[in-house]
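Secondary and tertiary structure notes
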Amino acid sequence: RQHALVACDLKTGGVRALSLKAKAEAGHRFGDLITMESLDKRGHKATVVTDGCGAMHGLVREEAMRRGLDHLPIPPHSPHLNVVEAYIGQFKADVAAVLLPARHHNGPISEFVVYAMNYVAYTAERFARTRVGGSASAFELNVGVPPRNHRLVPFGTAGWAYVPKELRQKRGAPKYQRSEPVLMVGYQHMYTSVYKCLTAH
């Protein structure tokens, strides 16, 4: 079971998922999100909407106010206003669907759920899901340039990665072993096309 802070941008439809070890980290991780997305340095004032959960209404709200963002609590007993809570159900299903085919003979690679979570957010960001922004994806609406999707690799794809000479010598590997088998598990960051690879090491 993996705890996560899932944030959805109501304007563009973009989503960010940050892993948590415990709910007590929610405020700190939300601060990381503010810094990564420059939410406190944009030309407009961002408003954070949270439900009545203690971590959201307490820790996330405090961090938002401390960093100069507005906060709007969702009224109690108003599930129709809680858009993110509805999206989380679909998001969890997408993550499970990504993990299911990427399995080894011992079963699904569920221990890599954090990688799958970030991969789903990364790919969802790059495809238009509504007609609100025309044919523009959430990435283009947020960053201002269209995404380059030609380097998207399915999660868990097996491949080979080049091993530099110095690393081969350090491992004591033979000279002819210039590459090693890897599994592609997403991208280094939301704004790059650099792969994260799992290796035998």
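Scroll up to find the structure this text is about.
Keep in mind it's a predicted model, so treat the numbers as computed, not measured.

1. Quick look at the packing of helix α1 (residues 26-37) against helix α2 (residues 54-66)
As a packed pair, α1 and α2 sit with axes 8 Å apart at the nearest point and diverge in direction by 40 degrees. Taken together, the axes of α1 and α2 lie oblique to each other. Between α1 and α2 lies a crossing whose hand is right-handed. Every residue of α2 that contacts α1 at Ala26, Gly27, Phe30, Gly31 and Ile34 is listed here: Ala55, Met56, Leu59, Val60, Glu63 and Ala64.

2. Focus: the nonpolar core
Side chains of nonpolar character tend, in soluble globular proteins, to be buried together. Counting 21 residues, the largest nonpolar core has Val15, Phe91, Val95, Val98, Ala116 and Phe155 as the members making the most contacts within it. Breaking this core down by element, the ones donating at least two residues are β2 (15-20), α3 (83-99), α4 (113-124) and β8 (179-187). Broken down by element, the residue count for this core peaks at 7 residues, all from α4. Beyond its immediate sequence surroundings of up to four residues, alanine 116 is in contact with Val95, Val98, Leu99 and Phe155. The next biggest cluster of nonpolar side chains, apart from the first, holds 15 residues, and it includes Ala46, Val48, Ala55 and Val60.

3. Observations concerning the environment of cysteine 53
Secondary-structure assignment places cysteine 53 in the loop between β3 (47-50) and α2. Exposure remark for cysteine 53: the relative accessible area of 25% places this residue in the partly exposed category. Put simply, cysteine 53 and glutamine 188 are 135 residues apart on the chain and 31 Å apart in space, counted from C-alpha to C-alpha. Beyond its immediate stretch of four places on either side in the chain, cysteine 53 contacts Lys23 and Gly58.

4. Examining the packing of α3 against α4
The contact between α3 and α4 brings their axes to 9 Å, and the two run at 115 degrees. Between α3 and α4, the angle falls in the class roughly perpendicular. When the axes of α3 and α4 are compared, the crossing they make is right-handed. Seen from α3, the contacting residues are Tyr87, Phe91, Asp94, Val95, Val98 and Leu99; seen from α4, they are Val113, Ala116, Met117, Tyr119, Val120, Ala121 and Ala124. Here the contact of α3 with α4 is built from residues that sort into 12 nonpolar, no polar and 1 charged.

5. Let's talk about α4
Between the first and last C-alpha of α4 there are 16 Å, a value that for 12 residues agrees with the 16 Å anticipated at 1.5 Å per step. Turning to α4, its buried residues are Ala116, Met117, Tyr119, Val120, Ala121, Tyr122, Thr123 and Ala124.

6. Topic: a nonpolar patch on the surface
Judged by side-chain polarity, Leu10, Val49, Leu72 and Val83 come together as a nonpolar surface patch covering roughly 360 Å² of accessible area. Note on placement: valine 83 falls in helix α3. Residue valine 83 is classed as partly exposed on the basis of its relative accessible area of 43%.

7. Some thoughts on the packing of aromatic side chains
Throughout the structure, instances matching the rule amount to 7 aromatic pairs. Taking the centre distance of 5.6 Å and the plane angle of 55 degrees together, the rings of tyrosine 119 and phenylalanine 155 count as tilted. Separated by 36 residues along the polypeptide, tyrosine 119 in helix α4 and phenylalanine 155 in the loop between α5 (138-143) and β7 (158-162) bring together distant segments of the chain. Residue class for tyrosine 119 comes out buried when judged on its relative accessible area of 10%. Residue class for phenylalanine 155 comes out buried when judged on its relative accessible area of 9%.

Thresholds, definitions, all that
Residues numbered from 1 in each chain as written. Predicted model: local features only at pLDDT ≥ 70, side-chain atom pairs only at ≥ 80, totals over all residues. Heavy atoms only, no water. Axes fitted to C-alpha atoms, helices over the stretch in contact; angles between N-to-C directions. Helix = DSSP H or I, 4+ residues; strand = E, 2+ residues; numbered from the N terminus. Parallel < 35°, antiparallel > 145°, perpendicular 65-115°, else oblique. Left-handed = near helix turned anticlockwise from the far one by under 90°. Contact = heavy atoms within 4.5 Å. Core = buried A, V, L, I, M, F, W, Y, C linked by side-chain atoms within 4.5 Å. Buried < 20%, exposed > 50% of the residue type's maximum accessible area, 1.4 Å probe, protein only. Nonpolar A, V, L, I, M, F, W, Y, C, P; charged D, E, K, R; others polar. Expected span 1.5 Å × (residues − 1). Patch = residues over 30% accessible without salt bridge, like charges linked within 9 Å, V, L, I, M, F, W, Y side chains within 5 Å. Areas by Shrake-Rupley, 256 points an atom, 1.4 Å probe, with all protein chains shown as cover. Salt bridge = Lys/Arg side-chain N within 4 Å of Asp/Glu carboxyl O. Phe/Tyr/Trp six-rings, centres within 6.5 Å; stacked < 30°, edge-to-face > 60°.

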